[in-house]
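Residue-level listing of the chains:
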Amino acid sequence: KRAVAASIDPDALALDAQFHRDMTQLVRLVFATAAQCMEAYREYKDELGLIDFIDQEHLTLELLRTNAMARATIAEHYRILAVDEFQDTSPLQLALFTELGALVEEVIWVGDPKQSIYRFRGADPDLMQAAITAIEYGGGTTDTLNYSWRTHDVPLDVNHRIFSHLFAGNDPLTGRN
């Protein structure tokens, strides 16, 4: 017996109704399984009285949005909010930072979108750019640091030449092409 490799025509497959039904069923099964896993995880945490990092962020955001005493206490004790490594901010963290920022006199966010490495948990350089646009639109100021105290010009220039294709066009945060 010889194994014969079957040739699959992608155009025919795209039009095949059974294939579409199978793929729809598979996608629904994957999402249903993921939902069941998340529910089991939530039940496990509830049974043991545990929270995870995302729960901490969510609960803190909810507290800031609903508890006047917590808001007043933060406003009374803090003047500045400083967020370093802002490029790794998730949408949930951005909401949290925005709530906290409304309670203090000055907000400082520092980050470099070229160093964003937490996309798996929602960080996105486009989110950072949208925040910068909103800050400027709202009358806030932004600055670009044109000097690095961590390294010298030669490694920076080499890095820029190697990775500039990933940031096509003018990078609004560095002013470089």
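See the structure above.
Residues numbered from 1 in each chain as written. Predicted model: local features only at pLDDT ≥ 70, side-chain atom pairs only at ≥ 80, totals over all residues. Heavy atoms only, no water.

### Things to note about the overall build of the protein
The condition that has to hold: Helix and strand labels come from DSSP, where a helix needs a run of H or I of at least four residues and a strand needs a run of E of at least two; each type is numbered from the N terminus. The quantity called the radius of gyration is restricted to C-alpha atoms. Its globule counterpart is 2.2 Å times the number of residues to the power 0.38. In this scheme, a residue with accessible area under 20% of its type's maximum is buried, one over 50% is exposed, and one in between is partly exposed, where area comes from a 1.4 Å probe on protein chains only. Any two residues whose heavy atoms approach within 4.5 Å are treated as being in contact. A 1.4 Å probe and the Shrake-Rupley method give the accessible areas. Residues count as covered only by the protein chains that appear here. Only four residue types enter the charge count: Lys and Arg as positive, Asp and Glu as negative, with His and the chain ends excluded. Just so you know, the charge point we use is NZ for Lys, CZ for Arg, CG for Asp and CD for Glu.
Of the regular secondary structure elements, the protein holds 7 helices and 2 strands. Secondary structure elements of the protein, listed N to C terminal, follow the sequence α-α-α-α-β-α-β-α-α. For the protein, the C-alpha radius of gyration of 24 Å lies well beyond 16 Å, the compact-globule estimate for 177 residues. Taking the principal axes of the C-alpha coordinates as reference, the protein spans close to 75 × 55 × 30 Å. Per-residue burial over the protein gives 19% buried out of 177 residues. Here the contacts in the protein between residues at least 6 apart in sequence split such that 65% fall between residues at least 24 apart. Element-wise, carbon and sulfur atoms account for 59% of the exposed surface of the protein, whose accessible area totals about 13,800 Å². Across the protein, 15 positive and 27 negative side-chain charges occur, with their mean positions spaced 8 Å apart.

### Considering a nonpolar patch on the surface
To keep things clear, this is the line we draw: A patch is a set of surface residues, each over 30% in relative accessible area and not in a salt bridge, joined within 9 Å for like charges and within 5 Å for the nonpolar side chains Val, Leu, Ile, Met, Phe, Trp and Tyr. One side-chain nitrogen of Lys or Arg within 4 Å of one carboxyl oxygen of Asp or Glu is enough to make a salt bridge.
Taken together, the side chains of Met23, Leu26, Val27, Leu29, Val30 and Phe31 make up a nonpolar region of the molecular surface, amounting to roughly 570 Å² of accessible area. Here Val30 shows up in helix 2 (residues 17–48).

### A look at the nonpolar core
Test applied: For the purposes of this section, nonpolar cores are sets of buried Ala, Val, Leu, Ile, Met, Phe, Trp, Tyr and Cys residues that join through side-chain atoms within 4.5 Å.
One finds Leu64, Leu81, Phe86 and Leu100 to be the most contacted residues of the largest nonpolar core, which totals 15 residues. If you list the elements that add at least two residues to this core, you get helix 3 (53–66), strand 1 (80–83), helix 5 (91–101) and helix 6 (125–137). Broken down by element, this core gets its largest block of residues, 4 residues, from helix 5. Ignoring anything within four residues of it in the chain, the contact list for Leu81 reads Phe97, Leu100, Gly101, Val104, Glu106, Val107, Ile108 and Trp109.

### A look at the pairing of strand 1
Convention followed: Seen with its strands pointing away from the viewer, a crossover is right-handed if its path from the first strand over the helix to the second goes clockwise.
Where burial is concerned, the two faces of strand 1 differ: the one with Leu81 and Val83 is buried and the one with Ile80 and Ala82 is not. Crossover strand 1 to strand 2 (residues 106–109) through helix 5 is right-handed.

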